[in-house]
Amino acid sequence: MHKPLRIAAIAAACAVAGAALYGTGAATAGQSTANSTHEPYNIGLLVKDIDTYYGTTPDAAGVYQASPDSPYAKDLARLDKAARSYIDQAARKAHHKREKPAVVFDIDDTLLLSLDYEKRYNYTYNSTTWADYVNKADRPAVFGSPELVRYAESKGVEVFYNSGLSEAQRSAAVENLKKIGADVNLDADHVFLKDKANPPSYLSACATPGTWNCTTVQYKAGTRKHIEEDLGYEIVANFGDQYSDLDGGYADRTYKLPNPTYFVS
C-alpha cells in the first residue's frame, strides 16, 4: 500500500524539505506550514527544494535517482552511524540478559526508494500505477539500508519487516529486497504485510475477515506487539519513514528516516 495523502503531504513537508527529517522518536518541527491565515508554501518551489534535497537526477535509462552526495544521503549516513552503534550495544545487552533482540523495518522509502514514482507522477497517487510500479520489483535501495539490515543480522539481532504493502504484493516485495541485498529473513514469518481478506487474530480489535478498520498505527503497533508478546522478541529498534510507522510503542528506540514527499497519518 502506498500512501494516499500525497499533495497534502507535500505542503506538510515543505518547511523541512532541505533538512534532516529523522530522529529517535522525537517529532520534527514544521509538520505543517499552512493555516487559515497564511498562504501555503508554493508547490513549484517545494518540488525544486525536494529535488535539491535528493539530488534528483535521471540515470541513463531515464529513472530518477537520488545522488549519493545529496543532503538526503548525508542525513541517512548520520542515522546509519548512530543506529549501528546503538544496535551493537543493545544486542550485547539483550544477549547478556538472555533476551532475543529484534529490529523492525518498514519497506517503502525505508528500504526501497520510490523517488522515481513520485517524480514521474508529480507526487500524486493512483492505486493502479502504484501497484504496477511495486510489481516491477526494481526500486533502488534507500542508501545504506541493505547494509544496516545485514549489520543487525551479524550482531545476532532478528530482522522483521512491517509494511503497508498488501499480501498480494509479497512476491514483488521479496524479490525487490533480494535485488538490493537485503536478503535476510524474507519468509512469511518475518515479513508482515496487510492481509485485509484474512487478517491475523492479533489484529482482531480492528480487523476481521473481509473487514479492515485498522489505522496505520494500529496495524503496525499491533504487529510489533505480536512480535514481542507472542513471538518472544525484544524489539530494540524500529525504522520507518513515517511517524505512523513508529508510533504506538513496542520498540525500545525508533528511527525516523527522511521523506519529504508524502505523509501518512
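Heads up: these notes are all about the structure in this document. (Residues numbered from 1 in each chain as written. Predicted model: local features only at pLDDT ≥ 70, side-chain atom pairs only at ≥ 80, totals over all residues. Heavy atoms only, no water.)

### Considering the packing of aromatic side chains
What counts is decided by this rule: Aromatic contacts are taken between Phe, Tyr and Trp rings whose centres are within 6.5 Å, Trp giving its six-membered ring; a plane angle under 30 degrees counts as stacked, one over 60 as edge-to-face, and the others as tilted. By the criteria applied, helices consist of DSSP H or I runs no shorter than four residues and strands consist of E runs no shorter than two, each listed in order from the N terminus. Between buried and exposed lies partly exposed: a residue is buried under 20% and exposed over 50% of the maximum accessible area for its type, with that area taken using a 1.4 Å probe on protein chains only.
A complete count under the given rule lists 14 aromatic pairs for this structure. On the basis of an interplanar angle of 10 degrees and a centroid distance of 4.9 Å, the ring pair of Phe239 and Tyr255 is categorised as stacked. Placement of Phe239 in strand β8 (residues 234-240) and of Tyr255 in strand β9 (residues 254-256) is noted, with a sequence separation of 16 residues between them. For the pair Phe239 and Tyr255, a shared accessibility class is recorded, and that class is buried. Feature note: the residues Tyr53, Tyr54, Tyr72 and Phe143 constitute an aromatic cluster, connected by ring pairs.

### Observations concerning unusual backbone geometry
Even without a glycine there, the phi angle at Asn122 is positive, about 55 degrees. Of note in this structure, Tyr123 is not a glycine but carries a positive phi near 60 degrees. Judged by its relative accessible area of 2%, Tyr123 falls in the buried class.

### Overview of the pattern of salt bridges
The condition is simple: Think of a salt bridge as a Lys or Arg side-chain nitrogen and an Asp or Glu carboxyl oxygen that are within 4 Å of each other.
Taken as a whole and assessed by the stated rule, the structure comprises 13 salt bridges. The salt bridge partner of Lys97 is Glu99, with a shortest N-O separation of 3.7 Å. For Lys97, a relative accessible area of 47% puts it in the partly exposed group. Lys220 is the salt-bridge partner of Asp245, the closest N and O atoms lying 2.9 Å from each other.

### A look at the pairing of strand β5 (residues 191-194)
So the rule is basically this: Here the rule is simple: two strands pair whenever DSSP picks up at least two bridges between them. We call a crossover right-handed when, viewed with both strands directed away from the observer, the connection leading from the first strand over the helix to the second proceeds clockwise.
Here β5 shows two buried faces, one formed by Val191 and Leu193 and the other by Phe192 and Lys194. Pairing of strand β4 (residues 158-166) with β5, which is carried by three bridges, proceeds in the parallel orientation. By the bridge assignment for β5, Asn162 is matched with Phe192. At this point the chain moves from β4, through helix α7 (residues 170-180), to the parallel β5, and the crossover so formed is right-handed.

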